[in-house]
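In case you want the letters, here they are:
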Amino acid sequence: MYVLRTGVAWRDVPAETVGCSGVTAWRRLRDRTEAGVWPRLHAALLTELRRADLLDLDDCSVDGSHVRALKGGITSAPRPSTAPAPVPSTT
């Protein structure tokens, strides 16, 4: 959370603030991500919220901007041209 909130590079995370070096924090984040901790934690949190009747889905949104559309998805928007625009003629 410290890195997300401050925008500081991992190597510049102050150990006295987060309890370990930034490199160690990054390594722990990587290891937990590879172990699938975050989806399981998310599922457990949703389960507990539902059990306590604290999950209100009347006001929610879904953001898929981080999900890859393999093979371009069902339809693809045209790609913008990378070629330089033609120079208008002055004659």
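Everything below is about the structure shown above.
Residues numbered from 1 in each chain as written. Predicted model: local features only at pLDDT ≥ 70, side-chain atom pairs only at ≥ 80, totals over all residues. Heavy atoms only, no water.

**A word on the overall build of the chain**
Counting its regular elements, the chain contains four helices and zero strands. Counted from the first residue to the last, the chain has its helices and strands arranged as α-α-α-α. In the chain, which comprises 91 residues, the share counted as buried stands at 8%. With an accessible surface of roughly 8600 Å², the chain has 58% of that area assigned to carbon and sulfur atoms. (Helix = DSSP H or I, 4+ residues; strand = E, 2+ residues; numbered from the N terminus. Buried < 20%, exposed > 50% of the residue type's maximum accessible area, 1.4 Å probe, protein only. Areas by Shrake-Rupley, 256 points an atom, 1.4 Å probe, with all protein chains shown as cover.)

**Remarks on the pattern of salt bridges**
Evaluation of the coordinates by the stated rule reveals two salt bridges. Arg30 is the salt-bridge partner of Asp31, the closest N and O atoms lying 3.0 Å from each other. On the accessibility criterion, Asp31 (37% relative accessible area) is partly exposed. In this structure, Arg51 engages Glu48 in a salt bridge whose closest nitrogen and oxygen atoms are separated by 2.6 Å. Note that Arg51 and Glu48 are positioned in helix α4 (residues 37-51) at a spacing of three residues, about one turn of the helix. On the accessibility criterion, Arg51 (60% relative accessible area) is exposed. The class of Glu48 is partly exposed, set by a relative accessible area of 44%. (Salt bridge = Lys/Arg side-chain N within 4 Å of Asp/Glu carboxyl O.)

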